[in-house]
Amino acid sequence: MLTSKKVSESIRLGSILMFSGGFLDAYSYLVRGQVFATAETGNIALMGISLARGDLAMAGRYLIPVAAYAAGIFLTEWIRMRVGENGTVHWKEGILWLELLVMVLAGFMPQKWNSLVNCLIGFSCAMQVEAFRKMHGMAFATTMCTGNLRSGTELLAVGTLENNGEQRKHGLWYYWIDLVFVAGAAASALLCQVLAERAVWVCAAALLSAILFIRYHRRMAEV
């Protein structure tokens, strides 16, 4: 049984969300114009390059997904502050419902709307990253791997040098969560060949399983 305040920080829920993150990153690249839409580092770098070249129009194009990502974070904090734990739906569960809706809508959008789809993916991933930021009390990200790789390697190094088994175990959790990201990307690569734009609905199904996981444990533990 999950203990109090551990549902949204559990490895099981984190694994589902990380699978979703890997799936979306591969989906946006393979189906939506070879763009990694779940994080904005690339877009920000390309915006800077465009500014340096004096290409303001191109810089503006890169600014749009960055703004969508920022809007996702802003909306998440607004929901957290205004909704909180009131009513029958916890605010984090509400975030997942919104993300699921975005994924369902994205599956209906044709190729000519790829820019909009990638903005929506960035928007929803920002909400997910902002809402689910811890794994057993440790900071982690569900749509990118670099920070998790750093944290996991640091814990493994310190745990090995100090002969601390608990830290080594925590380090391996980070490595596990990044492997799940890889699995999500691999599943996406296979399914995109068959389902094309509608492959994103598999991600929606994963998010639904995350919602059901939270609902199942809400009576036993605080989200």
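Let me sum up the structure you'll find in this document. Every chain's residues receive numbers from 1 upward, in the order its sequence appears when written. Side-chain atom pairs in this predicted model are given and counted only at pLDDT of 80 or more, local residue features only at pLDDT of at least 70, and totals for whole chains, interfaces and linings cover all residues. Calculation of side-chain values draws on the structure's entire complement of heavy atoms; hydrogens and water are dropped beforehand.

## Details of the overall build of the protein
Heads up, the rule is: Secondary structure elements are taken from DSSP: a helix is a run of H or I of four residues or more, a strand is a run of E of two residues or more, and numbering for both begins at the N terminus. Taken over C-alpha atoms, the radius of gyration is set against a globule rule of 2.2 Å times the number of residues to the power 0.38.
Secondary structure assignment for the protein yields 8 helices and 2 strands. Of the regular secondary structure in the protein, the N- to C-terminal order runs α-α-α-α-α-β-β-α-α-α. Compactness check: the protein gives a C-alpha radius of gyration of 18 Å against a globular reference of 17 Å for 223 residues, within 12% of the reference. Over its C-alpha atoms, taken along the principal directions, the protein stretches across nearly 50 × 45 × 40 Å.

## Some words on the packing of helix H2 (residues 41-52) against helix H3 (residues 56-82)
Each pair of packed helices can be summarised by the angle the axes make with each other and by the distance between the axes. Convention followed: Angles run from 0 to 180 degrees between N-to-C directions of axes, and those axes are lines fitted to C-alpha atoms, restricted for helices to the stretch in contact. Here is the rule for angles: anything less than 35 degrees is roughly parallel, anything more than 145 is roughly antiparallel, 65 through 115 is roughly perpendicular, and the remaining ranges are oblique. For any helix crossing, the convention is left-handed if the near helix is rotated counterclockwise from the far helix by under a right angle, and right-handed if that rotation is clockwise. Contacts: residue pairs with any heavy atoms within 4.5 Å of one another.
Packing of H2 against H3 brings their axes to within 8 Å, and their N-to-C directions diverge by 160°. One element, H2, and the other, H3, form an angle in the roughly antiparallel class. Of the two elements, H2 crosses H3, and the hand of that crossing is left-handed. Of the residues in H3, those touching H2 at Asn-43, Ile-44, Leu-46, Met-47, Ser-50 and Leu-51 are Leu-56, Met-58, Ala-59, Tyr-62, Leu-63, Pro-65 and Val-66.

## Digging into the nonpolar core
Just so we agree on the cut-off: Among buried residues, the Ala, Val, Leu, Ile, Met, Phe, Trp, Tyr and Cys ones that are joined through side-chain atoms within 4.5 Å form a nonpolar core. Each residue is assigned to one of three classes by its accessible area relative to the maximum for its type, calculated with a 1.4 Å probe on protein chains only: buried under 20%, partly exposed between the two thresholds, exposed over 50%.
Within the largest apolar cluster, 34 residues are counted, with the highest numbers of intra-cluster contacts made by Tyr-27, Leu-96, Met-103 and Ile-121. Elements represented by at least two residues in this core include exactly helix H1 (11-30), helix H4 (91-108), helix H5 (114-131) and helix H8 (200-217). The dominant element in this core, judged by the number of residues it contributes, is H8, at 8 residues. Those residues in contact with Ile-121 that sit more than four places away from it in its chain are Leu-24, Tyr-27, Ser-28, Ala-37, Thr-38 and Met-103. Counting residues in hydrophobic clusters, the runner-up holds 11 residues, among them Phe-140, Leu-155, Tyr-174 and Ile-177.

## Describing a nonpolar patch on the surface
Put simply, the test is: Exposure above 30% relative accessible area and the absence of a salt bridge qualify a residue for a patch, where like charges join within 9 Å and nonpolar side chains (Val, Leu, Ile, Met, Phe, Trp, Tyr) within 5 Å. Using the Shrake-Rupley algorithm and a 1.4 Å probe, accessible areas are obtained, with residue cover drawn only from the displayed protein chains. Criterion for a salt bridge: a side-chain nitrogen of Lys or Arg within 4 Å of a carboxyl oxygen of Asp or Glu.
Together, Tyr-29, Leu-30 and Phe-36 line one region of the surface with nonpolar side chains, adding up to about 300 Å² of accessible area. If you trace the backbone, Tyr-29 turns up in helix H1. We classify Tyr-29 as partly exposed; its relative accessible area is 31%.

## As for the environment of Ala-106
Tracing the backbone shows Ala-106 in helix H4. In contact with Ala-106, not counting residues within four places along its chain, are Tyr-27, Arg-32, Val-117 and Val-200.

## Considerations on H4
This is how the line gets drawn: One less than the residue count of a helix, multiplied by 1.5 Å, gives the span that helix is expected to have.
The terminal C-alpha atoms of H4, which comprises 18 residues, lie 27 Å apart, in line with the 26 Å expected from a rise of 1.5 Å per residue. Among the residues of H4, Trp-91, Lys-92, Glu-93, Ile-95, Leu-96, Glu-99, Leu-100, Val-102, Met-103, Ala-106 and Gly-107 are the ones counted as buried. Elements in contact with the buried residues of H4: H1, H3, H5 and H8.

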